[in-house]
Amino acid sequence: RKEVEQDPGPFNVPEGATVAFNCTYSNSASQSFFWYRQDCRKEPKLLMSVYSSGNEDGRFTAQLNRASQYISLLIRDSKLSDSATYLCVVKDFQKLVFGTGTRLLVSP
Amino acid sequence: DVKVTQSSRYLVKRTGEKVFLECVQDMDHENMFWYRQDPGLGLRLIYFSYDVKMKEKGDIPEGYSVSREKKERFSLILESASTNQTSMYLCASSLRAPLADGYTFGSGTRLTVV
């Protein structure tokens, strides 16, 4: 079983839609969690950290469920510029372990 | 703005060549990492370093070595390039602790081995 698993998508949504991605992780001792965004042929960039109590940054909401070992990302009011691959990332000691990413395509 | 700089954006090398990929960061970060990214496989850790002159194997170190003589520079070496090492190589750095801010990545080197 992979350490971090994501649905590869693509998720095709119209502008203005709400879309959610889930991610599961296998190591129950994992300490920190992140969502990264990667545009085509570019490097990954940190989108947001995921805190135990859940956190929100504008249109983006991240949730953590330790009991079920999954992380979610909710995007409200999708914009064309949200089209990208979203990487779920889990901290394993000093290393980050990346999921393979979920591709989002937002259309007009 | 803080930066991680990779020396080459695109590189084409021949099978059997020794290849050096350079990465420099200007953030005084202790930790540095080399990943490769392939379609369907995501980012896989090759080597990492927590300090000058130290290195640790990641998940796929075979065929690679690294060098960290200075804090700001972390080099990835392909001892004898092979076609299965054709990939996107990403360097990253971070503070040792805490890891709240995750990694900062370089813009990547797309290596083709022919």
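Refer to the structure presented above.
Worth saying up front: this structure is predicted, and the values here are computed from it rather than measured.

J.: Provide a residue-level description of the state of the cysteines, including the pertinent values.
T.: This structure, assessed with the given rule, holds two disulfides over all chains. The partner cysteine of Cys-23 of chain A in its disulfide is Cys-88 of chain A, sulfur to sulfur 2.0 Å. Judged by the sign of its S-S torsion, about -70°, the cystine formed by Cys-23 of chain A and Cys-88 of chain A is left-handed. Placement of Cys-23 of chain A in strand β3 (residues 19-25) and of Cys-88 of chain A in strand β9 (residues 84-92) is noted, with a sequence separation of 65 residues between them. Comparing Cys-23 of chain A with Cys-88 of chain A, the two get one shared label, buried. Across the disulfide from Cys-23 of chain B sits Cys-91 of chain B; the S-S distance is 1.9 Å. Here Cys-23 of chain B and Cys-91 of chain B share a disulfide; its torsion about the S-S bond, -75°, makes the bridge left-handed. Here Cys-91 of chain B lies in strand β10 (residues 87-94) and Cys-23 of chain B lies in strand β4 (residues 23-25), a separation of 68 residues in the sequence. On the basis of relative accessible area, Cys-23 of chain B is assigned to the buried category, the value being 0%.

J.: Summarise the nonpolar core; cite the residues concerned and give the values.
T.: Core analysis: the biggest nonpolar cluster contains 24 residues, and Phe-21, Trp-35, Ile-71, Leu-73, Ile-75, Tyr-86 and Leu-104 of chain A have the highest contact counts within it. Residue assignment for this core shows that the elements contributing at least two residues are β3, β4 (33-38), β5 (45-50), β7 (60-65), β8 (70-75), β9 and β11 (102-107) of chain A. With sequence-adjacent residues up to four places away left out, Ile-71 of chain A is seen in contact with Phe-21, Asn-22, Cys-23, Tyr-25, Phe-33, Trp-35, Val-50, Gln-63, Leu-64, Cys-88 and Val-90 of chain A. If you look at the next biggest cluster of nonpolar residues, it comprises 21 residues, including Val-19, Tyr-47, Tyr-64 and Val-113 of chain B.

J.: Requested: an account of the sheet that holds β3 of chain A, with residues and values cited.
T.: Residues and elements named next belong to chain A. Strands sit in the order β1-β3-β8-β7-β6 across an open sheet of five strands; the sheet is antiparallel. Only two strands of the sheet have a single neighbouring strand rather than two, namely β1 (4-6) and β6 (55-57). Averaged over neighbouring strand pairs, the angle between their axes works out to 20° when direction is ignored. With six bridges joining them, β3 and β8 adopt antiparallel strand pairing. Looking at β8, one finds that Asn-22 is bridged to Ser-72.

J.: Can you lay out the pattern of salt bridges for me, pointing to particular residues and giving the numbers?
T.: All told, the structure shown has 10 salt bridges over all chains when counted by the stated rule. In this structure, a network of salt bridges that share partners links the residues Arg-36, Asp-38 and Arg-44 of chain B.

J.: Would you mind going over the interface of chain A and chain B in detail, with residue names and values included?
T.: Taken together, the contact between chain A and chain B spans 16 residues of the former and 26 residues of the latter. Of the roughly 1700 Å² buried at the junction of chain A and chain B (both faces included), carbon and sulfur atoms supply 54%. The largest contributions to the chain A side of the interface with chain B come from Arg-41, Gln-94 and Lys-95 of chain A, which together make up 35% of the buried area. On inspection of chain A and its partner chain B, the count reaches five residue pairs in polar contact (both at pLDDT 80 or more).

J.: Hey, could you go over the layout of surface pockets for me, with residue numbers and the actual values?
T.: All names here are of chain A. Put simply, the largest pocket is a space of about 660 Å³. The biggest single contributor to the lining of the largest pocket is β11, with four residues. For the lining of the largest pocket, the class distribution of residues is 10 nonpolar, 12 polar and six charged.

What counts, and at which threshold
Residues numbered from 1 in each chain as written. Chains lettered and ligands numbered in written order. Predicted model: local features only at pLDDT ≥ 70, side-chain atom pairs only at ≥ 80, totals over all residues. Heavy atoms only, no water. Disulfide = S-S within 2.5 Å. Helix = DSSP H or I, 4+ residues; strand = E, 2+ residues; numbered from the N terminus. Buried < 20%, exposed > 50% of the residue type's maximum accessible area, 1.4 Å probe, protein only. Core = buried A, V, L, I, M, F, W, Y, C linked by side-chain atoms within 4.5 Å. Contact = heavy atoms within 4.5 Å. Pairing = 2+ DSSP bridges. Axes fitted to C-alpha atoms, helices over the stretch in contact; angles between N-to-C directions. Salt bridge = Lys/Arg side-chain N within 4 Å of Asp/Glu carboxyl O. Buried area = accessible area lost by both parts, 1.4 Å probe. Polar contact = N/O pair within 3.5 Å; in protein donor to acceptor, adjacent residues only side chain to side chain. 1 Å grid on protein atoms, 1.4 Å probe; cavity = no way out; pocket = protein on both sides within 12 Å on 5 of 7 lines; lining within 4 Å. Points joined across faces, edges and corners; volume = space filled by probe spheres on them. Nonpolar A, V, L, I, M, F, W, Y, C, P; charged D, E, K, R; others polar.

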